[in-house]
Amino acid sequence: KMKKYFCRIMNAKEKICFPFFLTAAIFLSALQPGLYAQELTWEDCVKEAAVNHPGLISAEETVKQYRESEKIVFSGVLPKVDSSLDAGTSKTQDSYSYGLSGTQLLFDGLKTPEKFNAALENTRAAKFQFNYTSASVRLALRRAFVNLLKAQEALKLSGEIYEIRRGNLELITLRYESGIEHRGAFLTALANLARAELEIAQNRRALEVARLSLLKEIGAGGYREISVKGGLDLLEPAEEKPDLEKLAEGHPSLRRLSSLSNAAAFNVKAAQGDFLPQLSASAGANKSGSRWPPRTEQWNAGLTLSLPVFEGGSRAAEVSKARAAWNQARADERGGRDAVVLALQEAWAALQDAREAVGVEKKFLEAVEERSRIAESQYSLGLIDYDNWTIIEDNLVQEKKAFLDARANALLKEAEWQEAKGVTLEYAYQ
């Protein structure tokens, strides 16, 4: 890293050198980190993640599997038709035959309709799971977006802090050379400037990590130069506390548990159907003979009624198992409702804390900036000593960082509140 050093001779025995300024390239990267990168808005990231995120693709394929399961179960109430073609020979004659046969389920103790209803509920549960996955992906995407936005702002801020430290060093150097300031103040100013330069390098590395994190969440499938465009202000204005119980009812995770409970109830009824008789109809027609094409016609039709008498207690065990699964699903639903309401309360409280913290940090920053302007003039005139002035300057640097942290944290808490409400990825751009 190229530096230009400005050296001053303090006495006959020593030279003290300090970095005067960073190269133009460093400042350009600090002030414009996205100068040559593809600039993405939040809406751009949402649209790309909605198409490419592996988690969403996996959840969508799961829904498709359950939809096919519906068709498999429904096929049980449709007629079954088989065809046959036989040809054979023996010592005495040849034989040929072909025909069609079919069966139709008429009654199976309502097992198939109940299984179909359970399949419908399982598909609904899979759809709600997709929505829950979408809400989780939105939270992760928003976090990555905010973190990259914060990293960009932190890099710019570190350049501003470097300028503050450099200006401080110039002022202290003049006073030190004049014999007004002591050597400890001069060395402290040098160390502060070195720390500011280090923070620029650290923030540049943090920017790369944040960029990779966002690329992962949008499902980019590879690295490319990107930056994000947006502010660190909250997306939604302050609102009154909503009815958390009502919000919980619409949460996709809770609705998924409700569908699973309904599916379990239908499975209980389907298991009970094993105790009822099963009735089916069958019919068939074929032709057979010793020459091709065969000419002898045959047909048949009939009804079949079956009722299992004893199966070693397996039917009763199946009913008991299905009922236990239903009880478990209902317990999971009750527990899930309590968990969702608690998560909503925690997320709401955290958002309000973060929102109010931004206002407080803004006031602190305004106060410290004013104190810094006054203190710099006082220090130049010798009205305050170095110890008091450097405390004010350190406070200025810390408050600039704290204000940035508070704004970014508020955005993250807002994203967590949206996730607690079950807001999906599509909501952001529809």
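Preceding block: the structure.
Residues numbered from 1 in each chain as written. Predicted model: local features only at pLDDT ≥ 70, side-chain atom pairs only at ≥ 80, totals over all residues. Heavy atoms only, no water.

## Section: the nonpolar core
Judged by nonpolar contacts, the single largest core of 54 residues is most densely connected at Leu141, Ile172, Leu214, Ile218 and Trp389. When residues of this core are traced back to their parent elements, those giving at least two are helix 2 (42-52), helix 3 (54-74), helix 4 (111-177), helix 5 (183-217), strand 6 (226-228), helix 8 (314-380) and helix 9 (386-421). If you tally residues by element for this core, the top one is helix 4, at 19 residues. Dropping the residues within four chain positions of it, isoleucine 218 is found in contact with Leu40, Cys45, Glu48, Ala49, Asn52, His53, Leu141 and Arg224. (Core = buried A, V, L, I, M, F, W, Y, C linked by side-chain atoms within 4.5 Å. Buried < 20%, exposed > 50% of the residue type's maximum accessible area, 1.4 Å probe, protein only. Helix = DSSP H or I, 4+ residues; strand = E, 2+ residues; numbered from the N terminus. Contact = heavy atoms within 4.5 Å.)

## Digging into the side chain of serine 280
Structurally, the position occupied by serine 280 is in strand 7 (residues 278-289). In this structure serine 280 comes out as buried when scored by relative accessible area, which is 19%. With near-sequence residues (within four places) excluded, serine 280 lies in contact with Gln104, Leu105, Leu106, Gly302, Leu303 and Thr304.

## Structural notes on the side chain of lysine 111
Note on placement: lysine 111 falls in helix 4. For lysine 111, the contacting residues outside a window of four places in its chain are Ala270, Gly273, Asp274 and Gln278.

## So, the packing of aromatic side chains
Overall, the coordinates contain 9 aromatic pairs when judged by the stated rule. Where phenylalanine 74 meets phenylalanine 116, the ring centres are 5.4 Å apart and the plane angle is 50°; that geometry is what we call tilted. You can see phenylalanine 74 sitting in helix 3 and its partner phenylalanine 116 sitting in helix 4, a full 42 residues away along the chain. Residues tyrosine 386 and tryptophan 389 carry aromatic rings whose centres are separated by 6.4 Å and whose planes lie at 65° to one another, so their mutual orientation is edge-to-face. Pair noted here: tyrosine 386 and tryptophan 389 are both in helix 9, with a separation of 3 residues, about one helical turn. Within the aromatic cluster, the residues linked to one another by ring pairs are Tyr96, Tyr98 and Trp292. Above the face of the tyrosine 379 ring, arginine 175 is positioned so that its terminal group lies 4.3 Å from the ring centre. Here the basic side chain of arginine 330 rests over the ring of tryptophan 326, its NZ or CZ set 4.1 Å away from the ring centre. (Phe/Tyr/Trp six-rings, centres within 6.5 Å; stacked < 30°, edge-to-face > 60°. Lys NZ or Arg CZ within 6 Å of the ring centre and 35° of its normal.)

## Concerning the pattern of salt bridges
A side chain of one charge can pair with a side chain of the opposite charge when the charged atoms of the two come close. The full count for this structure, using the stated rule, is 21 salt bridges. We note a salt bridge from arginine 124 to glutamate 121, for which the minimum N-O separation is 3.9 Å. With arginine 124 and glutamate 121 both in helix 4, this residue pair falls 3 residues apart, about one helical turn. By relative accessible area, which is 11% here, glutamate 121 ends up buried. Glutamate 217 is the salt-bridge partner of lysine 216, the closest N and O atoms lying 2.9 Å from each other. Judged by its relative accessible area of 58%, lysine 216 is exposed. (Salt bridge = Lys/Arg side-chain N within 4 Å of Asp/Glu carboxyl O.)

## Observations regarding the packing of helix 3 against helix 4
Axis separation between helix 3 and helix 4 bottoms out at 9 Å; the angle between their running directions is 175°. As the angle between them shows, helix 3 and helix 4 are arranged roughly antiparallel. Residues that form the contact of helix 3 with helix 4 fall into these classes: 12 nonpolar, 6 polar and 5 charged. (Axes fitted to C-alpha atoms, helices over the stretch in contact; angles between N-to-C directions. Parallel < 35°, antiparallel > 145°, perpendicular 65-115°, else oblique. Nonpolar A, V, L, I, M, F, W, Y, C, P; charged D, E, K, R; others polar.)

## Remarks on the environment of serine 95
Relative to the helices and strands, serine 95 resides in strand 5 (residues 94-107). Sequence separation of serine 95 and glycine 167 is 72 residues, and the distance between their C-alpha atoms is 108 Å. When sequence neighbours within four positions are dropped, the list of residues in contact with serine 95 reads Asp86, Ala87, Gly88, Gly289 and Ser290.

## Some words on the pairing of strand 5
Bridge analysis of strand 4 (residues 80-89) against strand 5 gives 10 bridges, and the strand direction is antiparallel. Paired with serine 84 across the bridge in strand 5 is glycine 99. Linking two consecutive strands that pair antiparallel, namely strand 4 and strand 5, is a turn of 4 residues. Here 11 bridges tie strand 5 to strand 7, and the two strands are oriented antiparallel to one another. Bridged to glycine 102 within strand 7 is alanine 283. (Pairing = 2+ DSSP bridges.)

## Topic: a nonpolar patch on the surface
Residues Leu106, Phe107, Leu110, Leu276 and Leu303 make up a contiguous nonpolar surface patch of about 470 Å² in total accessible area. You can see leucine 303 is positioned in strand 8 (residues 296-306). (Patch = residues over 30% accessible without salt bridge, like charges linked within 9 Å, V, L, I, M, F, W, Y side chains within 5 Å. Areas by Shrake-Rupley, 256 points an atom, 1.4 Å probe, with all protein chains shown as cover.)

## Concerning unusual backbone geometry
Residues apart from glycine generally show negative phi values, whereas peptide bonds are mostly found in trans. Note the cis peptide between tryptophan 292 and proline 293, where omega equals 5°. Take proline 293: it is sitting in the loop between strand 7 and strand 8. A positive phi angle is found at leucine 110, which is not glycine, with a value near 65°. By relative accessible area, leucine 110 is classed as partly exposed at 46%.

## As for the packing of helix 8 against helix 9
Here helix 8 crosses helix 9 at 160°, and the two axes come no closer than 7 Å. Viewed along their axes, helix 8 and helix 9 adopt a mutual orientation that is roughly antiparallel. Judged by the sense of rotation from one axis to the other, the crossing of helix 8 with helix 9 is left-handed. Each residue belonging to the contact of helix 8 with helix 9 can be placed in one class, and the counts come to 24 nonpolar, 3 polar and 13 charged. (Left-handed = near helix turned anticlockwise from the far one by under 90°.)

Function-wise, these values are silent; they only describe arrangement.
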